Amino acid sequence: MNESYEFRDKTHFTAGATGKPGERVFYIQMGDLFDFISLKAEKQQVIALAGFLENLLSDMPHEEIQPYEAEIKSPSEPVWTAGQIAVGVDLHNQMMVVSIAEFQGFEESVEISNPSSLQDFIESDGANARVFISQAQALDFISKTNELVSNSRPPCRLCGQPKNPDLHACPRLN
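Calculation criteria
Residues numbered from 1 in each chain as written. Predicted model: local features only at pLDDT ≥ 70, side-chain atom pairs only at ≥ 80, totals over all residues. Heavy atoms only, no water. Helix = DSSP H or I, 4+ residues; strand = E, 2+ residues; numbered from the N terminus. Buried < 20%, exposed > 50% of the residue type's maximum accessible area, 1.4 Å probe, protein only. Contact = heavy atoms within 4.5 Å. Areas by Shrake-Rupley, 256 points an atom, 1.4 Å probe, with all protein chains shown as cover. Pairing = 2+ DSSP bridges. Axes fitted to C-alpha atoms, helices over the stretch in contact; angles between N-to-C directions. Phe/Tyr/Trp six-rings, centres within 6.5 Å; stacked < 30°, edge-to-face > 60°. Salt bridge = Lys/Arg side-chain N within 4 Å of Asp/Glu carboxyl O. Core = buried A, V, L, I, M, F, W, Y, C linked by side-chain atoms within 4.5 Å.

Undergrad: Run through the overall build of the protein, naming residues and quoting values.
TA: Across its full length, the protein carries three helices and seven strands. In sequence order, the protein lays out its α and β elements as β-β-β-β-α-β-β-α-β-α. Within the protein, the fraction of its 174 residues that count as buried is 35%. Considering only intrachain contacts with a sequence separation of at least 6, the fraction spanning at least 24 residues in the protein is 63%. Split by element, the accessible area of the protein, about 11100 Å² in all, is 49% carbon and sulfur.

Undergrad: Mind laying out the sheet that holds strand 1 (residues 5-7), listing which residues take part and the relevant values?
TA: Spatially, 1-7-6-5-4-3-2 is the arrangement adopted by the seven strands of the open sheet, whose pairing is mixed. A strand with exactly one partner marks an edge of an open sheet, and here the two such strands are strand 1 and strand 2 (12-18). Along the sheet, successive strands turn relative to each other by an average axial angle of 25°, direction set aside. Running at roughly 5° to strand 5 (residues 80-90), helix 1 (residues 43-59) makes contact with strand 2, strand 3 (25-31), strand 4 (36-41), strand 5, strand 6 (95-102) and strand 7 (128-133) of the sheet. Relative to strand 2, helix 3 (residues 135-150) is tilted by about 5°, and along the sheet it contacts strand 2, strand 3, strand 6 and strand 7.

Undergrad: Account for the packing of aromatic side chains, naming residues and giving values.
TA: Taken as a whole and judged by the stated rule, the model has two aromatic pairs. Consider the rings of Tyr5 and Phe7, whose centres lie 6.2 Å apart with planes at 10°: the pair is stacked. Each member of the pair, Tyr5 together with Phe7, is buried. Measuring from ring centre to ring centre gives 4.7 Å for Phe13 and Phe141, while their planes differ by 20°; the resulting arrangement is stacked. Of this pair, Phe13 sits in strand 2 while Phe141 is found in helix 3, placing the two residues 128 residues apart along the sequence. By the burial criterion, Phe13 is buried, and Phe141 matches it.

Undergrad: Can you explain the pattern of salt bridges? Please cite residues and give values.
TA: Opposite charge on two side chains makes pairing possible when the charged atoms of those side chains draw close. Counted according to the given criterion, the structure contains four salt bridges. Shared partners join several salt bridges into a network, and the residues in it are Glu6, Arg8 and Arg130.

Undergrad: An account of the nonpolar core is needed here, citing residue identities and associated values.
TA: Ranked by size, the top nonpolar core spans 30 residues in total, and within it Phe13, Ile28, Met30, Leu53 and Phe141 carry the most contacts. Among the elements that line this core, the one with the most residues is helix 1, at six residues.

As structure tokens, this is what we get:
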């Protein structure tokens with residue numbers, strides 16, 4: 001089992017990617033003054049987290065936001081792959097809590113119709129990473145994610161799937 005992490009004070013929180021569009025590996029990076037980790041994530045996980053943080057920000061009381069900008073730190077070798085992501089709010093400190101569980105893979109024996117098996121699937125023994133972030137850090141994460149997405153492959157005007165730079169076999173043209 002991999003190590004779990006929790007970062008509370010003066011945290012580092014950002015998104016990034018390496019590689020060229022169509023072959024990129026996405027990361028969520030978090031840490032504090034002493035240590036940081038990178039978690040490998042799917043592009044859709046990063047986009048969904050940014051979207052959720054944006055909705056959450058609109059529901060929170062607004063504080064005076066000091067500018068915050070984080071960059072991916074090197075090395076960005078992931079400690080493990082992100083699985084389920086949860087977000088909570090610490091209203092007392094006006095912070096958001098992002099919790100990411102380690103991806104455990106899929107069990108072929110899990111049957112959706114059997115509630116005990118589904119519960120076993122949801123409750124994993126994997127590692128977790130938790131970071132407490134400010135509203136400014138959430139805004140920076142959203143901004144970084146939007147920048148990453150804008151640098152993605154353009155969508156096909158017919159099918160909406162990303163076009164590969166060298167060849168795009170559009171299913172609507174068959």
